[in-house]
Structure formats: structure tokens, C-alpha cells
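Notes for the structure review
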Amino acid sequence: MKKYRNLFIDLDDTLYDFSAAARESFNEAYNKLGYPRYFDSFEEYMQIYSPYNLELWAQYGRGEISKEELNRRRFNYPLEQKGVYDKELAAQFQEISLKLIPTKDKLIPYAKELLEYLSPKYNLYILSNGFQELQEHKMQTSGIRHYFKELILSDHIGINKPRRELFEYALKTTNSKLEESIMIGDMFESDIVGAHNIGMDQIFVNLKNVKEKDFTPTFEVCNLKDIENIL
């Protein structure tokens with residue numbers, strides 16, 4: 001077993017349950033702004049929003065669209081599918097929901113216990129494509145900020161995972177050696193592929209039971225507790 005010293009960990013949906021926090025926040029904005037007059041239910045709204053949101057995040061990860069375009073398009077889209085072209089309303093939904101999300105105390109099961117186990121043994125760093133104005137707040141709210149020496153965010157250099165430049169920047173910023181570092185994340189395309197492409201070991205936290213993968217990760221777990229068997 002390699003002797004790791006530095007753990008680069010994704011935040012959203014690896015440690016912080018962003019999906020649950022976003023859903024709860026969107027539901028509040030949906031009701032506050034009168035969206036039921038356009039949609040049969042909140043479920044219908046999410047069924048329209050979610051696939052398009054994933055598509056836009058993939059484009060953002062590849063550097064094809066900006067953060068501003070990502071937000072504008074994903075919040076306009078559900079309304080437009082209902083024939084409502086109200087950019088001001090969509091902007092209000094964006095503002096309300098993005099303010100609410102980081103106030104939600106949501107963690108993936110066993111996240112805090114895992115950090116308690118890891119923090120005395122390793123240097124812990126967040127490596128995230130998330131937006132700077134949200135990530136710090138979410139970590140403070142959920143009580144995990146103090147476990148991490150530093151947050152390395154794509155916002156810092158305008159380059160997203162899986163681009164190798166962000167991983168190289170993370171190593172350089174933290175004075176970490178590649179052979180002593182490992183990436184832990186739930187998104188195969190960004191976390192695992194990105195680390196693999198620069199020769200960094202990976203732990204794929206496969207919470208969604210992804211079957212199709214282009215290569216076999218260094219390690220794969222189906223829950224956070226199993227990471228303790230590796231590190």
C-alpha cells in the first residue's frame with residue numbers, strides 16, 4: 001500500500017449533500033415566487049430542470065460556458081419549456097435558491113465521522129468545481145471547514161476538473177507530491193478522470209452505482225465508511 005500524505009476531496013455530493021440542499025432550496029423558491037401557476041408540481045419542475053442542469057455542468061467542466069451562462073441558462077430553461085420568457089423571474093429564483101443552499105446543514109452519511117478519522121493522519125484539501133461564494137459557507141454551516149487546510153476551487157484559476165491544470169495547481173499550491181496524493185470524489189468524469197490523467201491515484205465514491213467506466217479506478221467504494229479500509 002502506498003503511503004499517502006495528501007488527500008484532495010471533492011465537496012458536493014461527496015461530503016456535502018448538495019443535491020438534497022439544492023432540492024430543498026429550490027422548493028422554497030418555487031413556492032415563494034408562485035411557480036405553481038406554471039407547473040403541475042415541483043416534481044415536474046425538477047424533471048425539466050435536472051437533466052438540462054447536468055448537461056450544462058458538463059459543458060462548464062469542459063470550459064465551454066461561463067459560470068454566469070450556466071446559471072442564467074439553467075434557471076431560464078424550465079420556464080421557457082412552459083412558454084414563459086421572464087428573465088427577471090428566473091433571476092429571482094436563482095438569487096433566492098443560491099442564497100438558501102449554503103444555509104442548509106446537509107452532509108452525506110458518515111462524512112463527519114470519516115473526516116474525524118482522516119484529519120489526524122493526512123493533509124486534507126477540498127478540490128472543487130463549485131463556486132467560491134458558496135463552498136466556504138456550506139462547509140461552515142455543516143461544521144466541516146476546520147478539517148481542511150485549504151480549499152482549492154476552479155474559480156481560483158478559471159479552469160475546472162477534469163482539466164489537468166487544476167490538479168497541477170492544487171499540487172503546487174499545497175506543496176504536495178503527486179506520488180503522495182490521492183483524489184476522492186463521486187464524479188467519475190471530473191474527479192476520477194482528472195486525477196487519472198495526471199497520474200494521481202483515486203478513490204471513486206460510487207454512490208450512484210455507476211456501471212460504465214472508461215478504466216478501473218485505483219480504488220472504488222459505495223459508501224464513505226469503506227474509505228477507512230483503504231486509508
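See above for the structure.
Everything in this summary refers to the structure shown in the same document. (Residues numbered from 1 in each chain as written. Predicted model: local features only at pLDDT ≥ 70, side-chain atom pairs only at ≥ 80, totals over all residues. Heavy atoms only, no water.)

Ala111, Leu114, Leu115 and Leu118 are the residues of helix α5 (residues 111-118) that are buried. Within α5, the buried residues cover an arc of 100 degrees as seen down the axis, which keeps them to one side. In the core, the buried residues of α5 are packed alongside β1 (6-9) and β2 (123-128). (Buried < 20%, exposed > 50% of the residue type's maximum accessible area, 1.4 Å probe, protein only. Helix = DSSP H or I, 4+ residues; strand = E, 2+ residues; numbered from the N terminus. Arc of directions from axis to C-beta. Contact = heavy atoms within 4.5 Å.)

A few words now on helix α8 (residues 164-173). When we look at burial in α8, the residues that qualify are Leu166, Phe167, Ala170 and Leu171. The arc that holds the buried residues of α8, viewed along the axis, is 140 degrees, so those residues lie on one side. On its buried face, α8 is in contact with β1, β2, β3 (150-153), α7 (154-157), β4 (181-185) and α9 (188-197). Immediately beyond the C-terminal end of α8, within one or two residues, lies Asn175, with a positive phi of roughly 55 degrees.

Moving on, we come to the packing of helix α1 (residues 18-32) against helix α2 (residues 42-61). At a minimum axis distance of 11 Å, the contact between α1 and α2 shows a crossing angle of 120 degrees. Relative to α2, α1 is oriented oblique. In terms of crossing hand, the pair formed by α1 and α2 is right-handed. Of α2, the residues touching α1 (which contributes Arg23, Phe26, Asn27 and Tyr30) are Phe42, Glu43, Tyr45, Met46 and Tyr49. Residues that form the contact of α1 with α2 fall into these classes: six nonpolar, one polar and two charged. (Axes fitted to C-alpha atoms, helices over the stretch in contact; angles between N-to-C directions. Parallel < 35°, antiparallel > 145°, perpendicular 65-115°, else oblique. Left-handed = near helix turned anticlockwise from the far one by under 90°. Nonpolar A, V, L, I, M, F, W, Y, C, P; charged D, E, K, R; others polar.)

Turning our eyes to something else, we now look at the nonpolar core. The nonpolar side chains of a soluble globular protein tend to be buried with one another. With 59 residues, the main nonpolar core has Leu7, Leu15, Tyr45 and Leu231 as its most contacted residues. If you tally residues by element for this core, the top one is α2, at eight residues. Each residue touching Tyr45, except ones within four places of it in the same chain, is listed here: Phe26, Tyr30, Tyr35, Phe39, Phe75, Pro78 and Phe93. Core analysis: the next-biggest nonpolar cluster, separate from the first, contains 13 residues, Tyr125, Leu166, Phe167 and Ile198 among them. (Core = buried A, V, L, I, M, F, W, Y, C linked by side-chain atoms within 4.5 Å.)

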